[in-house]
Amino acid sequence: MQTIIGVMGPGEQATARDMQVAYELGQAIATAGWVLLTGGRPVGVMAAASRGAKGAGGLTIGILPSKHREDAADAIDIAIVTGMGNGRNIINVLSSSVIISCGLGAGTAAEVALAIKTGKPIVLLNLSEMDCRFFQNLASYPLGIAGHVEDAIALVHQFLSLTSG
């Protein structure tokens, strides 16, 4: 079975930095041989991470909030249509071996909270120190905090080795 890494981040509110980091993260996930899972829409972190992974030869999955496959970003290989709106966030979390939050918006915060509730390993990337402290205070287990894409990938390797042993 292939390893799926979920990248969650803001859509329309994504900053240029969020999207640059997400693109590099998508590339690194594909290079590591993992499958990228995002919210699938053609905006923000979802689109940027998918473009990065696709450009590096990776496989991309998009869990769409709508009922329309046409709503997927161009770089999505497998579009899962849900018609669930934000309810699809739990599918994003439970389908991923590790969650990486790249930037932060309301939907991303909900996904990180769901990951904490379900005990899913989480890496926080491109978040403020205050945001990281908030999530650390909610979690009953250590969260990975990464300053750069390389750090995030190293943390994912570490989390995967803990869960496969």
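In case you missed it, the structure is sitting above this.
Heads up: these notes are all about the structure in this document.

### Some details on the overall build of the protein
- For the protein, the count of helices and strands is six helices and seven strands.
- Here the C-alpha radius of gyration of the protein, 14 Å, is about what a compact globule of 165 residues would show, namely 15 Å.
- Each principal axis of the C-alpha atoms in the protein carries an extent, and together these give about 40 × 30 × 30 Å.
- In the protein, which comprises 165 residues, the share counted as buried stands at 50%.
- Contacts spanning at least 24 positions in sequence make up 58% of the contacts within the protein whose residues lie at least 6 apart.

### Describing the layout of surface pockets
- Considering only enclosed or pocket space, the largest pocket measures out at about 240 Å³ in volume.
- Taken together, 19 residues form the lining of the largest pocket, with G9, R41, M46, R88 and G107 sitting closest to its centre.
- Counting residues per element, the ones that place at least two in the lining of the largest pocket are β1 (4-8), α3 (89-94) and α4 (106-118).
- Top element by residues in the lining of the largest pocket is α4. It accounts for four residues.
- Across the lining of the largest pocket, the residue classes break down as five nonpolar, 10 polar and four charged.

### Description of the pattern of salt bridges
- Throughout the structure, instances matching the rule amount to three salt bridges.
- Between E12 and R41 there is a salt bridge, and its shortest N-O distance comes to 3.0 Å. One end of the pair, E12, is in the loop between β1 and α1 (16-31); the other, R41, is in the loop between β2 (35-38) and α2 (44-55), and 29 residues separate them in sequence.
- K54 is the partner of D77 in a salt bridge, and the nearest nitrogen-oxygen pair spans 2.3 Å. Separated by 23 residues along the polypeptide, D77 in the loop between β3 (60-64) and β4 (78-81) and K54 in helix α2 bring together distant segments of the chain.
- D77 gets classed as partly exposed once you look at its relative accessible area, which sits at 33%.

### Quick word on the pairing of strand β6 (residues 122-125)
- Alternating residues of β6 divide into I122 and L124 and V123 and L125, and every residue in both groups is buried.
- Of the strand pairs in this sheet, strand β5 (residues 98-102) and β6 are connected by four bridges, and their pairing is parallel. Across the sheet, C102 pairs through a bridge with L125, a residue of β6.
- Each parallel crossover has a hand, and the one from β5 via α4 to β6 is right-handed.
- Note that β6 and strand β7 (residues 144-146) share three bridges and pair parallel. Across the sheet, L125 pairs through a bridge with A146, a residue of β7.
- Considered for its hand, the β-α-β crossover made up of β6, helix α5 (residues 129-138) and β7 is right-handed.

### Here we look at unusual backbone geometry
- Its identity is not glycine, yet N126 carries a phi of approximately 65°, on the positive side.
- By the secondary structure assignment, N126 is in the loop between β6 and α5.

### Some words on the packing of α1 against α2
- As a packed pair, α1 and α2 sit with axes 6 Å apart at the nearest point and diverge in direction by 35°. Crossing handedness for the pair α1 and α2: right-handed. Where α1 abuts α2, its residues D18, M19, A22, Y23, G26, Q27 and A30 lie against G44, V45, A48, A49, R51, G52 and A53.
- For the contact of α1 with α2, the class distribution of residues is eight nonpolar, four polar and two charged.

### With respect to the packing of aromatic side chains
- Applying the stated criterion across every chain, the model contains one aromatic pair.
- With centroids separated by 5.2 Å and ring planes inclined at 70°, the aromatic side chains of F134 and F135 adopt a geometry described as edge-to-face.

The rules behind the values
Residues numbered from 1 in each chain as written. Predicted model: local features only at pLDDT ≥ 70, side-chain atom pairs only at ≥ 80, totals over all residues. Heavy atoms only, no water. Helix = DSSP H or I, 4+ residues; strand = E, 2+ residues; numbered from the N terminus. Rg over C-alpha atoms; globule rule 2.2 N^0.38 Å. Buried < 20%, exposed > 50% of the residue type's maximum accessible area, 1.4 Å probe, protein only. Contact = heavy atoms within 4.5 Å. 1 Å grid on protein atoms, 1.4 Å probe; cavity = no way out; pocket = protein on both sides within 12 Å on 5 of 7 lines; lining within 4 Å. Points joined across faces, edges and corners; volume = space filled by probe spheres on them. Nonpolar A, V, L, I, M, F, W, Y, C, P; charged D, E, K, R; others polar. Salt bridge = Lys/Arg side-chain N within 4 Å of Asp/Glu carboxyl O. Pairing = 2+ DSSP bridges. Right-handed = clockwise from strand over helix to strand, strands pointing away. Axes fitted to C-alpha atoms, helices over the stretch in contact; angles between N-to-C directions. Left-handed = near helix turned anticlockwise from the far one by under 90°. Phe/Tyr/Trp six-rings, centres within 6.5 Å; stacked < 30°, edge-to-face > 60°.

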